[in-house]
Amino acid sequence: MKGLFKGCLTVPNLLSVIRIILVPVFAYFYMNGKVAISIVILVLSGLSDFFDGKIARKFNQISELGKLLDPVADKITQITLALLLYLSFAKANDEMLKAFSWVFLIFIGKEAFMVIFSVFMLILNLRPCAAEIFGKLATFAFYSIMIVIVAFGPEIGLLKSVWSLPPVVMMILVGISAILTIVAFISYLPDTFRQFKEKFSKK
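Now for a quick tour of the structure. Keep in mind the model is a prediction, meaning the values are calculated, not measured.

Cut-off values and rules
- Residues numbered from 1 in each chain as written.
- Predicted model: local features only at pLDDT ≥ 70, side-chain atom pairs only at ≥ 80, totals over all residues.
- Heavy atoms only, no water.
- Helix = DSSP H or I, 4+ residues; strand = E, 2+ residues; numbered from the N terminus.
- Buried < 20%, exposed > 50% of the residue type's maximum accessible area, 1.4 Å probe, protein only.
- Contact = heavy atoms within 4.5 Å.
- Areas by Shrake-Rupley, 256 points an atom, 1.4 Å probe, with all protein chains shown as cover.
- Salt bridge = Lys/Arg side-chain N within 4 Å of Asp/Glu carboxyl O.
- Expected span 1.5 Å × (residues − 1).
- Phe/Tyr/Trp six-rings, centres within 6.5 Å; stacked < 30°, edge-to-face > 60°.
- Core = buried A, V, L, I, M, F, W, Y, C linked by side-chain atoms within 4.5 Å.
- Patch = residues over 30% accessible without salt bridge, like charges linked within 9 Å, V, L, I, M, F, W, Y side chains within 5 Å.

## A few points about the overall build of the protein chain
- For the protein chain, the helix and strand inventory stands at 7 helices and 0 strands.
- Beginning at the N terminus, the succession of helices and strands in the protein chain can be written as α-α-α-α-α-α-α.
- Projected onto its principal axes, the C-alpha positions of the protein chain cover 60 × 35 × 25 Å.
- Across the 203 residues in the protein chain, those meeting the buried criterion constitute 40%.
- Within the protein chain, contacts between residues separated by at least 24 positions form 76% of all contacts whose residues are at least 6 apart in sequence.
- Within the structure as shown, the protein chain displays about 11500 Å² of accessible surface, and the carbon and sulfur contribution to it stands at 73%.

## Looking at the pattern of salt bridges
- Applying the stated criterion across every chain, the model contains 9 salt bridges.
- With a closest N to O distance of 3.1 Å, Arg19 and Asp52 form a salt bridge. A residue pair is termed long-range when its members are at least 10 positions apart, and Arg19 in helix 1 (residues 11–31) and Asp52 in helix 2 (residues 35–58) qualify at 33 residues.
- Residue classification places Arg19 among the buried positions, given a relative accessible area of 0%.
- Note that Glu111 is salt-bridged to Lys75, the shortest N-O span being 3.4 Å. Pair noted here: Glu111 is in helix 5 (residues 104–123) and Lys75 is in helix 3 (residues 64–90), with a separation of 36 residues, a long-range link. Summarising the burial analysis for this pair, Glu111 and Lys75 share the class buried.
- Look at the salt bridges and you will find they share partners, linking Arg19, Asp49, Asp52, Asp70 and Asp74 into a network.

## What to know about helix 2
- For helix 2, built from 24 residues, the straight-helix expectation of 34 Å at 1.5 Å per residue is met to within 8% by its first-to-last C-alpha distance of 34 Å.
- If you check which residues of helix 2 are buried, you get Val35, Ser38, Ile39, Ile41, Leu42, Ser45, Gly46, Ser48, Asp49, Asp52, Gly53 and Ala56.
- Among the residues trailing helix 2, Asn60 stands out with phi positive, at a value near 55 degrees.

## Quick word on the environment of Phe89
- With respect to the element layout, Phe89 can be found in helix 3.
- Overall, Phe89 belongs to the buried group, its relative accessible area being 0%.
- Residues Phe89 and Ile156, spaced 67 residues apart in sequence, show a C-alpha to C-alpha distance of 7.7 Å.
- Beyond its immediate chain neighbours, meaning those up to four positions away, Phe89 contacts Leu97, Lys98, Ser101, Phe104, Ile149, Pro154, Ile156 and Met170.

## As for the packing of aromatic side chains
- In this structure the tally under the stated criterion is 15 aromatic pairs.
- When the ring of Phe152 is compared with that of Trp163, the centres are 5.6 Å apart and the planes differ by 65 degrees; the resulting orientation is edge-to-face. Linking Phe152 in helix 6 (residues 133–152) with Trp163 in the loop between helix 6 and helix 7 (167–202), this pair joins segments that are 11 residues apart in sequence.
- Every member of this aromatic cluster is reached through a ring pair, and the members are Phe89, Phe100, Phe104, Phe107, Phe142 and Tyr143.

## Considering the nonpolar core
- Residues Leu85, Met146, Ile149 and Met170 are the most contacted members of the largest nonpolar core, which totals 33 residues.
- Listing elements by their share of this core, those giving two or more residues are helix 1, helix 2, helix 3, helix 4 (95–100), helix 5, helix 6 and helix 7.
- At 8 residues, the largest contribution of residues to this core is made by helix 6.

## A few points about helix 5
- In this model, helix 5 (20 residues) spans 29 Å end to end at C-alpha, consistent with the 28 Å of a helix rising 1.5 Å per residue.
- Asn125 sits one or two residues past helix 5 and shows a positive phi near 65 degrees.

## Regarding a nonpolar patch on the surface
- On the surface, Val40, Val43, Leu44, Leu47, Phe50 and Phe51 cluster together into a nonpolar patch covering about 530 Å² of accessible area.
- Secondary-structure assignment places Val40 in helix 2.

Have a look at this one:
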């Protein structure tokens, strides 16, 4: 944790903090039927996630705090969104959609496990692994697909009266996102094992 707050007053870190603050705001509007506002908030959250990394690299504003804030913001957002969609589809009239709702638990389980395990690593003075290409791809797919579902998802979509995403297509898209999420999780393992091996081999 030494030096965690050194050089922390940066635009990327501010964007990550805003993204965290937007999570309960998004949940409030979504749960109260203000889906249009919640979609706008979700899009803004996704854009801030995209730009904070770009800004950090371009203007050399990478910080130790930012390396923690960015994934924390991602995980809180993804857990909240997956939970809300799980609850929405669990109440669906279509039995197929209701049965499919459990898939959203994959996202919740993976992100919750990574949050808990990351805290455990910090306690051991180890650094949680940063998102690599698979993690970034999984995050991009998750945001894109979930925004489409919130807007056009069968039974729950804001614009379902204009056009509704066929249930089978939605299931395929969510399945793709779930597979990418699992692949991203696996991609974190080699560096995690390496850190544990180095730490305990020294002892």
